[in-house]
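Coordinate analysis (summary)
Chain by chain, the residues run as shown.
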Amino acid sequence: MAADLKERLGDLVAHLETIVPYAAALHKKRSGTRISVNRVQESVEPEDPAQGLVVTLWNGQAFYEYAANAWEWDSLKTTLTDDARAAAAAVDKSKPVEQIEPGAEIRQDFSSGFERDPAALPLAERLEIARERMNQAVAADPLVANAVSILAHTVSEDVFVNRAKSMSQKILRSDSILVVFVSKDGLTVDIHNGVSKNAGLEAMDLSKGTLRGMVDDAKRLLTAPRLDPGVYDVVTDPEWSGIIAHECFGHGMETDLYVRQRALSQKYLSKPVAAPIVNMFDDPSLIGEAGGFFFDDEGQPAAPTHIIKDGVLQRGLTDLPSAHKLRFERSANGRRESFARKAYARMTNTFFESGQSTKDQIISSVENGLYLRHATNGMEDPQAWGIQVEGLWAERIRDGKLTGEVFSPVIMTGFVPDLLMSISMVGNDRWISGLGMCGKGHKEWVKNTTGGPHLRMKARLA
Amino acid sequence: MLSTITDALRKRKLSGWQVREGRRTSHQSFLALTECECRRRVDTQSWTVSIHQVRAAADGRPVLGLSNFRITPPELPSLDQRIDEALFAASLVTNQPFTLAGPGAAAPDVELADPSISPKLMDEFEERLNGAIAREKNIRLSAAEFFADRLELRLVNHLGLDVSQIETSLQTEFILLSRRGGEEKEFIDRFTRRLSRDFNIEEEVRTSAEQARAAAEAGLPRTGKFAVLLSDEPLDRLFNPLLARASARLKYNRMVDATPGQMIVDPAGGDPITLWSNPLLPGASDSYRYDGYGTPAQRVCLIENNRLVCQAADKRYAEYLGIPVTGEAGNVEVEGGKAAFEDLRKPAPGTILYHLQAFSAFEPNPITGAFSAEIRSGFEVSAAGARPIKGGSVSGVLQKDLARARLSRERVQRENVLVPKGVLFEGLTVAGA
């Protein structure tokens, strides 16, 4: 199918470029199966199919797009010919007309690897795995009111064509998620854990130790008081570190915000923004991680971007319009929620690089502070460099030891450079979580990952 | 094409089925500064098919095999295969049976669609936005997005139910910048309405410009326990944990354990909370004529004077819990209190009050009611006047803190709520300087 589609789209693009300076086409298809079970409900359903085509036209000054999930090729050509003529007619003759370069020639098909094919395991057996996990969670403690066990496999198939590129990619992602609900005296708390990787069944393991830890942590949260607000010496676990990376200099480095003059980071390029021991990347070429791919939704091949190098801000994450406008070198960050939505500059796999210290060295170095775990979400403020990270767990560290005294929930806020400049130790571990989704503002949800090592820093908490 | 699907389903021996047809047209416009960056047009069509197959479990009790799938036009040639797959999936899962509804009472005539919506609106919206911004001092546009969608829905099932509705949606997000000295600060405004007459760009620009100018002068709040008045954007999600306590779906799934008759908020001097699910509000985003099972919309009181009186239950969860069908939860409506909004904004003598209008993200945990959020826009109000603030955070637990909260008597209708214009909390934790 991909070969036929590429040929048809190639013909269409060539035709449209007789009318406008640049055209491209992207076909996206997603399929898969999602199993979800809890104590009282079960479902085995196909992943919501998001199959459709988006055709991009550039008239030398602006982009025009048509997207649909149903079309006849002849009528599509007629529709797009009309659209291209209208776009060409919309050119403001008092302003310059600019060219979009299609990039280096690539004609290739890509496919992600996996060790164990989910399709080789009968659906009934996968359902039993999900049931067993749920039952283990429910049986783990009388306070467990319910547990939701999710196993999902999603195959994403993309075809991108412009006059220099004709590419396809096929990526298998597997998700294994467990949510535990613990109730006592009318109060219910929930806690989640899991794995999401571009991989097969090999990524689905969730050990019994992890389950026991989740239940124990959830029980602790039932009685955990809130923290007195203040500035604390904190150690963040890799999950929490990852959300800081994402919110600090992930969103703030998306260069479509530069075009809109609402990212303070533009003024700090090539300047120190973090302690010299801090390095941060966005890397879609980590194909095994859930934010990985071979090319983005605008046909740019995946490659790592070193965002912060030894504490110095390096470069941003681009989509095609912003790279063109700013004359920046492209990075593979043009991503869409689906064919029906616009591409924006978006993160992929975003993480702090590992350092030299062990987790034990970091915790034992803290005289009086807090260990932050179970991060749940965050929010960016690229223009003012404010940060918000929320989580469920702040455990007191006293004289270099975890005390078991837990506060919940907890929120971290602050000014991004203050926070990153305060990083005094970087762990030698690194773990990347693929469980999250990222919005642009409050919409445009795409899959990405966040991660990093344990970090020690000063932070305002409440 | 709907008949192709229903014909295929009728040929199978199914306990029941339902098909929801959706056809959407979307026009989208994107401005970077004041220049057009992109114009988009999107046409989509899909059918969501639910298959019900009741079978006997090993112990003889009836259990429901249920499977849903969504199919798009290019996949229709493989419809039979998709039904086979759904039937197989349904044969694997075990759920408590419930019945679908046949034709019943006519749905109320709720205003959901604006017939005037057309592609030309994009030009009109851009002109109105630029015109409104031009009237503001020390304000310029960073970016704007407009979406105008028209959605046609039709729901049919094996019992002969056949209902339809047309919805429209107008959505914008725009960012205003204001300069003070060498620095610019922003304010993000986003809102969604169904009807053009409610899509008041000029008023939104006026209020957002005030907030952008205030942000340019803003400092951190103090740290401690303070009276906090919430208004504007935070109201959109504020009452969600109360709605969750009234959810039959969450109750059945053992994620909340409230039962009718139980106090949801223990009164401690605050205004009592009375809350409705109201899908009948004209032009509101969570309004509908009929819900996902074809139940006609109705306004239902869920919480009266702090006490849960009814659970919001669609057909499925009403049968599971043996309670009346109310239809899916619609817009949140909350009764106003006694005090005027302006009186709530006055701090007690010798104290300060924080009036907060926007957060980075404000999503109270629906299960626990706990909330924490970074402050994007607000004022520290004291006898000396109002000082703009930005940064820091506010935290609390909704059910506990509502016990002493006071509600303004004036109410506002926003995207999907009709609620008091202001909610004054006696003492929330503020973390700032």
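Residues numbered from 1 in each chain as written. Chains lettered and ligands numbered in written order. Predicted model: local features only at pLDDT ≥ 70, side-chain atom pairs only at ≥ 80, totals over all residues. Heavy atoms only, no water.

**Thoughts on empty space enclosed by the protein**
- As enumerated under the stated definition, the model contains three cavities of 30 Å³ or more in all.
- Looking at the largest cavity, it is lined by 30 residues, and the ones nearest its centre are A:Arg262, B:Glu173, B:Ile175, B:Ile188 and B:Arg190.
- Those elements giving two or more residues to the lining of the largest cavity turn out to be helix H6 (256-259) of chain A together with strand S4 (140-157), strand S5 (162-180), strand S6 (183-193) and strand S12 (353-359) of chain B.
- A per-element tally of the lining of the largest cavity places S6(B) first, with four residues.
- Class assignment for the residues of the lining of the largest cavity results in 11 nonpolar, four polar and 15 charged.
- The wall of the second largest cavity is formed by 17 residues, among which A:Thr56, A:Glu65, A:Glu298, A:Leu320 and A:Arg336 lie closest to the centre.
- Listed by contribution, the elements that provide at least two residues to the lining of the second largest cavity are strand S1 (22-37), strand S3 (52-58), strand S4 (63-68) and helix H7 (320-326) of chain A.
- In terms of residue count, S1(A) provides more of the lining of the second largest cavity than any other element does, four residues in total.
- The class makeup of the residues in the lining of the second largest cavity is 11 nonpolar, one polar and five charged.
- Shared between two domains, the lining of the second largest cavity takes at least three residues from each, and those domains are domain 1 (2-109) and domain 3 (230-461) of chain A. (1 Å grid on protein atoms, 1.4 Å probe; cavity = no way out; pocket = protein on both sides within 12 Å on 5 of 7 lines; lining within 4 Å. Points joined across faces, edges and corners; volume = space filled by probe spheres on them. Helix = DSSP H or I, 4+ residues; strand = E, 2+ residues; numbered from the N terminus. Nonpolar A, V, L, I, M, F, W, Y, C, P; charged D, E, K, R; others polar. Domains from an automatic or database assignment.)

**Re the domain arrangement of chain A**
Residue and element names in this part refer to chain A.
- As far as domains go, chain A holds domain 1 (2-109), domain 2 (112-159 + 166-221) and domain 3 (230-461).
- Using only C-alpha atoms to locate each centre, domain 2 and domain 3 end up separated by 24 Å.
- Together, the buried faces of domain 2 and domain 3 total about 1,800 Å²; carbon and sulfur atoms form 59% of this surface.
- Joining domain 2 to domain 3, the criterion identifies two salt bridges. (Buried area = accessible area lost by both parts, 1.4 Å probe. Salt bridge = Lys/Arg side-chain N within 4 Å of Asp/Glu carboxyl O.)

**Regarding the interface of chain A and chain B**
- Contacts between chain A and chain B engage 71 residues on the former and 77 residues on the latter.
- Summed over both partners, the interface of chain A with chain B comes to about 6,200 Å²; 48% of that surface belongs to carbon and sulfur atoms.
- The three residues of chain A that bury the most area against chain B are A:Gln41, A:Asn69 and A:Arg260, which together make up 10% of that side's buried surface.
- Put simply, chain A and chain B have nine salt bridges between them.
- Among the ionic pairs, B:Arg376 bridges to A:Asp381, the shortest N-O distance being 3.7 Å.
- A per-class count over the side of chain A that touches chain B returns 32 nonpolar, 17 polar and 22 charged.
- Across six bridges, S4(A) lies against strand S2 (residues 35-56) of chain B in parallel orientation. Bridge pairing in S2(B) places A:Tyr64 opposite B:Arg39. (Contact = heavy atoms within 4.5 Å. Pairing = 2+ DSSP bridges.)

**Description of the side chain of B:Glu173**
- Looking at the element boundaries, B:Glu173 is found in strand S5.
- A polar side-chain atom of B:Glu173 sits 3.4 Å from a polar atom in the side chain of B:Arg190.
- Beyond its immediate chain neighbours, meaning those up to four positions away, B:Glu173 contacts A:Lys443, B:Ala143, B:Ala144, B:Glu145, B:Ile188, B:Asp189 and B:Arg190. (Polar contact = N/O pair within 3.5 Å; in protein donor to acceptor, adjacent residues only side chain to side chain.)

**Some thoughts on the sheet that holds strand S12 (residues 312-313) of chain A**
Residue and element names in this part refer to chain A.
- If you trace the six strands from one edge of the open sheet to the other, you get S12-S11-S10-S15-S24-S21, paired in mixed fashion. The open sheet is flanked by S12 and strand S21 (431-433), the only strands paired with a single partner.
- Relative to S12, strand S11 (residues 305-309) is paired through two bridges, and the arrangement is antiparallel. Paired with Ile 308 across the bridge in S12 is Leu 313.
- Its contacts with the sheet place helix H5 (residues 238-249) against strand S10 (280-282), S11, S12, strand S15 (349-352), S21 and strand S24 (449-452), and it is angled at close to 115 degrees to S24. (Axes fitted to C-alpha atoms, helices over the stretch in contact; angles between N-to-C directions.)

**A few points about the nonpolar core**
- With 44 residues, the main nonpolar core has A:Ile244, A:Phe249, A:Ile308, A:Met412, A:Leu420 and A:Leu461 as its most contacted residues.
- When residues in this core are grouped by element, the largest group, six residues, is from H5(A). (Core = buried A, V, L, I, M, F, W, Y, C linked by side-chain atoms within 4.5 Å. Buried < 20%, exposed > 50% of the residue type's maximum accessible area, 1.4 Å probe, protein only.)

**Concerning the sheet that holds strand S18 (residues 417-420) of chain B**
Residue and element names in this part refer to chain B.
- Here six strands make up an open sheet; going across it, the order is S10-S9-S8-S11-S18-S17 and the pairing mixed. In this open sheet, the two strands that pair with only one neighbour each are strand S10 (307-308) and strand S17 (411-413).
- Inspection of the sheet shows S17 paired to S18 by three bridges, in the antiparallel sense. Note that in S18 the partner of Arg 411 across the bridge is Pro 420.

**What to know about the pattern of salt bridges**
- Scanning the model with the defined rule gives 69 salt bridges over all chains in all.
- A salt bridge links B:Arg82 to B:Glu85; its shortest N-O distance comes to 3.9 Å. Separated by three residues within a single helix, B:Arg82 and B:Glu85 lie in helix H2 (residues 79-92), roughly one turn from each other.
- Its relative accessible area of 10% is what places B:Arg82 among the buried residues.
- Residue B:Arg414 is joined to B:Asp236 by a salt bridge in which the shortest nitrogen-to-oxygen separation is 2.6 Å. Here B:Arg414, found in the loop between S17 and S18, pairs with B:Asp236, found in helix H5 (residues 235-238); they are 178 residues apart in sequence, far enough to count as distant.
- Accessibility expressed as a relative area gives 12% for B:Asp236, which makes it buried.
- What emerges from the salt-bridge pattern is a single network uniting A:Asp141, A:Arg212, A:Asp216 and A:Lys219.

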